[in-house]
Amino acid sequence: NIYFILAHFNVFKNNNSVLESEKLIAQNFKDPIIKELNLTLDPLSLKGFTKVFVSVKGTDLILENNCTSLTVMTNEYQAYSIEQGIKNRIDIRPTTHDLISSILTDFNITLLQAKIIANQGQHFYARTIYKQGNRIMDIDTKASDATALAVRMNVPVYVENNLFYSKGTNVCKK
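The structure displayed is predicted, hence computed values, not measured ones.

Novice: What exactly am I supposed to notice about the overall build of the protein chain here?
Specialist: Helix and strand counts for the protein chain stand at seven helices and 10 strands. Residues classed as buried in the protein chain amount to 41% of the 174 residues present. Considering only residue pairs separated by 6 or more positions, the protein chain has 54% of its internal contacts joining residues 24 or more positions apart. Put simply, the protein chain shows about 10,800 Å² of open surface, and 51% of that area lies on carbon and sulfur atoms.

Novice: Sorry, what's going on with the packing of aromatic side chains here?
Specialist: Taken as a whole and assessed by the stated rule, the structure comprises one aromatic pair. With 5.0 Å between their ring centres and 75 degrees between their planes, Phe164 and Tyr165 make a pair best called edge-to-face. The exposure class assigned to Phe164 is buried, which follows from its relative accessible area of 0%. Overall, Tyr165 belongs to the partly exposed group, its relative accessible area being 47%. A cation sits over an aromatic face here: Lys115 above Phe49, 4.8 Å from the ring centre.

Novice: In this structure, what is going on with the environment of Gln122? I would like to understand it.
Specialist: Looking at the secondary structure, you find Gln122 in the loop between strand E6 (110-120) and strand E7 (123-132). The exposure class assigned to Gln122 is exposed, which follows from its relative accessible area of 55%. It is 9.0 Å that separates the C-alpha atoms of Gln122 and Thr74, two residues lying 48 residues apart in sequence.

Novice: Just to check I follow, could you spell out helix H4 (residues 76-86) for this structure?
Specialist: Residues spaced three or four apart along an α-helix face the same direction, because each turn holds 3.6 residues. Within H4 the residues assigned to the buried category are Gln78, Ala79, Ser81, Ile82, Gln84 and Gly85. Elements in contact with the buried residues of H4: strand E3 (49-57), strand E4 (60-65), helix H5 (96-106), strand E8 (135-142) and helix H6 (143-152). If you check the start of H4, you find a side-chain oxygen 3.1 Å away from the backbone N of Tyr77, and it comes from Asn75.

Novice: I tried to follow a nonpolar patch on the surface on my own but got confused; where do I start?
Specialist: Taken together, the side chains of Leu99, Ile103 and Phe107 define a hydrophobic patch exposed on the protein surface, amounting to about 320 Å² of accessible area. Summarising the element assignment, Ile103 is placed in helix H5.

Novice: How should I be thinking about the nonpolar core in this particular structure?
Specialist: Note that soluble globular proteins tend to have their nonpolar side chains buried in a common cluster. Grouped together as the largest cluster of nonpolar side chains are 28 residues, with contacts concentrated most on Leu63, Leu70, Leu111, Ile116, Phe124, Tyr130 and Val159. Broken down by element, this core gets its largest block of residues, five residues, from H6. When neighbours within four sequence positions are excluded, Leu111 is seen to be in contact with Thr128, Ile129, Tyr130, Leu149, Ala150, Met153 and Val155.

Reading guide: rules and limits
- Residues numbered from 1 in each chain as written.
- Predicted model: local features only at pLDDT ≥ 70, side-chain atom pairs only at ≥ 80, totals over all residues.
- Heavy atoms only, no water.
- Helix = DSSP H or I, 4+ residues; strand = E, 2+ residues; numbered from the N terminus.
- Buried < 20%, exposed > 50% of the residue type's maximum accessible area, 1.4 Å probe, protein only.
- Contact = heavy atoms within 4.5 Å.
- Areas by Shrake-Rupley, 256 points an atom, 1.4 Å probe, with all protein chains shown as cover.
- Phe/Tyr/Trp six-rings, centres within 6.5 Å; stacked < 30°, edge-to-face > 60°.
- Lys NZ or Arg CZ within 6 Å of the ring centre and 35° of its normal.
- Polar contact = N/O pair within 3.5 Å; in protein donor to acceptor, adjacent residues only side chain to side chain.
- Patch = residues over 30% accessible without salt bridge, like charges linked within 9 Å, V, L, I, M, F, W, Y side chains within 5 Å.
- Salt bridge = Lys/Arg side-chain N within 4 Å of Asp/Glu carboxyl O.
- Core = buried A, V, L, I, M, F, W, Y, C linked by side-chain atoms within 4.5 Å.

Quick look at the structure:
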């Protein structure tokens, strides 16, 4: 997925001039290739993504839609934080995700989307899309952090279709 590799960089420098990633992609890849690979230049696009429901089982993050379930292994702290976010609870002291959520709210920054886009081994990669005024920010994020923030801020979590259906398991088969 060429777009996602390039999307990790918001700005590229070329001979002392600054090119936005979208311009770089357009210069190096023709439209048919972008269409063939099902890519988009719009970070807000949900084309090629599945909305999932989030739950936690032990230290596993469970992402489900219909009969497909994707398990993301995480640690005890992340699982606990996601579970607290799902239950809309703050413990005796706020977690890091509670603090980030409060900061975003206080600075009028809205979390628009949490997208899990890729995995390598046991590591899952995500993008969180934020809006402040007229500015859209596309931030590289760990999947567990993106999910912990999304459940606190009542924002849906999406998983890239190829990832979801190739790594997920069918939970309706008997």
